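# Structural description and commentary
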Amino acid sequence: MQVHYNLEGLPRFRNAVVTIGTFDGVHTGHQQILAALRQEAASTGGETVVITFDPHPRTIVQTDASLELLTTLPEKAGLLEAHGIDHLVVVPFTPDFAAQDAEQYISDFLVRRFQPHTLIIGYDHRFGKGRAGGYELLEQLQHQYGYRLIEIPRQVLHSIAISSTKIRTALKQSDVATANELLGYPFFFEGLVIPGDKLGRTIGYPTANLQYTSSDKIRLGEGVFAARAIHEGRTLGGMLSIGKRPTLNDVVERVEINLFDFQEEIYDQVIRVEVLSYLRGQEKYSSLDALKEQLHRDKEDSLRILSSWKEHKMGV
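Overview of the structure. Fair warning: this is a prediction, and the values are worked out from it, not measured in the lab. (Residues numbered from 1 in each chain as written. Predicted model: local features only at pLDDT ≥ 70, side-chain atom pairs only at ≥ 80, totals over all residues. Heavy atoms only, no water.)

Of all hydrophobic cores here, the largest spans 52 residues; its most connected members are Phe-189, Leu-220, Leu-240, Ile-257 and Val-273. Broken down by element, the residue count for this core peaks at 6 residues, all from helix α7 (residues 154–172). Each of domain 1 (13–166) and domain 2 (187–308) accounts for three or more of the residues forming this core. Not counting chain neighbours up to four residues away, the residues in contact with Phe-189 comprise Glu-75, Leu-210, Tyr-212, Lys-217, Leu-240, Val-255, Ile-271, Arg-272, Val-273 and Val-275. Grouped together as the second largest cluster of nonpolar side chains are 29 residues, Ile-20, Tyr-105, Leu-110 and Leu-149 included. (Core = buried A, V, L, I, M, F, W, Y, C linked by side-chain atoms within 4.5 Å. Buried < 20%, exposed > 50% of the residue type's maximum accessible area, 1.4 Å probe, protein only. Helix = DSSP H or I, 4+ residues; strand = E, 2+ residues; numbered from the N terminus. Domains from an automatic or database assignment. Contact = heavy atoms within 4.5 Å.)

This is how it looks when you write it as structure tokens:
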């Protein structure tokens with residue numbers, strides 16, 4: 001897949017089959033649209049083109065908006081590539097772009113930049129100044145500009161919106177089973193390994209303390225989870241803890257992962273963590289020995305879960 005950031009340097013696409021959207025999460029609902037995109041391209045000998053925006057349009061239209069993205073832009077690009085998309089065009093979303101006239105958006109942006117053979121667009125797609133443009137305007141101008149127009153069914157868009165909300169709610173509630181089912185792959189995030197207090201190694205469970213690499217990425221709720229991580233191309237099993245470590249009376253939430261059979265120092269390196277299954281909530285134990293016994297049980301549970309996920313591909 002080719003990723004394009006410069007609108008001035010776009011190639012001339014071959015029978016471009018184009019869709020537009022944020023595609024946050026590239027979840028099972030979005031995957032229906034991607035399948036339709038590939039099918040149309042195959043029938044016309046064309047190329048699939050996904051247009052998305054950076055930064056998220058909400059940060060420009062609503063300056064006080066806070067994002068809870070399911071996927072960062074690089075993560076989204078990786079998922080789209082995994083689904084066989086030929087081109088991802090990342091459009092800089094600026095106040096000037098948002099303020100252009102709806103017909104200008106069609107003529108100067110869509111038609112001049114992409115020469116679309118086919119547009120696959122939802123009935124609720126809005127564009128142009130004041131969001132004045134929509135499917136109806138695209139329909140009115142399709143013969144003038146020579147593109148085919150295919151409407152994404154209302155029920156598919158409704159399903160996408162519901163799924164996105166359910167995924168975010170599930171992740172905040174630590175319900176990774178629901179989130180992963182709707183995503184179609186295990187939820188993942190990236191973390192920078194930072195120094196901790198090294199307590200874990202004194203009880204036989206050393207952890208890598210993580211700092212989220214993206215402030216816009218949604219945060220998983222508290223708990224202990226079976227997980228796996230990618231470090232320098234290797235997939236490592238482990239168990240992830242998110243919370244305030246009640247046994248130690250911490251007041252600050254920590255994100256830390258114990259990687260099985262792994263002893264290397266990886267400070268200041270970024271690892272990707274895939275969250276496979278919820279094990280338990282954060283609990284307060286009477287002693288470090290009691291905590292150690294629980295961690296032993298958590299590891300055994302994690303190993304069983306990891307074994308069942310062994311053949312499942314990573315999210316990206």
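Continuing now.
Once that is clear, we can look at the packing of aromatic side chains. By the definition in use, this model includes 12 aromatic pairs. Consider the rings of Tyr-185 and Phe-188, whose centres lie 5.9 Å apart with planes at 45°: the pair is tilted. Relative to Tyr-278, the ring of Phe-225 lies with its centre 5.7 Å away and its plane at 70°, an arrangement referred to as edge-to-face. Taken as a pair, Phe-225 in strand β9 (residues 223–231) and Tyr-278 in strand β12 (residues 270–280) lie far apart in primary sequence, 53 residues in all. Members of the aromatic cluster, joined through ring pairs, are Phe-13, Phe-53, Phe-93, Phe-97, Tyr-105, Phe-109, Phe-114 and Phe-127. Lying over the aromatic face of Tyr-123, Arg-154 brings its terminal NZ or CZ to 4.0 Å of the ring centre. When the ring centre of Tyr-212 is taken as reference, the NZ or CZ atom of Arg-219 above it lies at 4.0 Å. (Phe/Tyr/Trp six-rings, centres within 6.5 Å; stacked < 30°, edge-to-face > 60°. Lys NZ or Arg CZ within 6 Å of the ring centre and 35° of its normal.)

With that settled, consider the side chain of Arg-113. Structurally, Arg-113 can be placed in helix α5 (residues 102–114). Arg-113 gets classed as buried once you look at its relative accessible area, which sits at 14%. In this structure, Arg-113 is in contact with Leu-7, Glu-8, Leu-10, Phe-13 and Asp-108, ignoring residues within four places of it in sequence.

Quick look at the packing of α7 against helix α8 (residues 176–183) now. Their axes nearest at 8 Å, the elements α7 and α8 cross at an angle of 150°. With respect to each other, α7 and α8 are oriented roughly antiparallel. Both α7 and α8 take part in a crossing whose hand is left-handed. Contact residues: α7 offers Ser-163, Lys-166, Ile-167, Ala-170 and Leu-171, while α8 offers Thr-178, Ala-179, Leu-182 and Leu-183. Class assignment of the residues belonging to the contact of α7 with α8 gives a composition of 6 nonpolar, 2 polar and 1 charged. (Axes fitted to C-alpha atoms, helices over the stretch in contact; angles between N-to-C directions. Parallel < 35°, antiparallel > 145°, perpendicular 65-115°, else oblique. Left-handed = near helix turned anticlockwise from the far one by under 90°. Nonpolar A, V, L, I, M, F, W, Y, C, P; charged D, E, K, R; others polar.)

Such coordinate-based values are descriptive only and should not be taken to indicate function.
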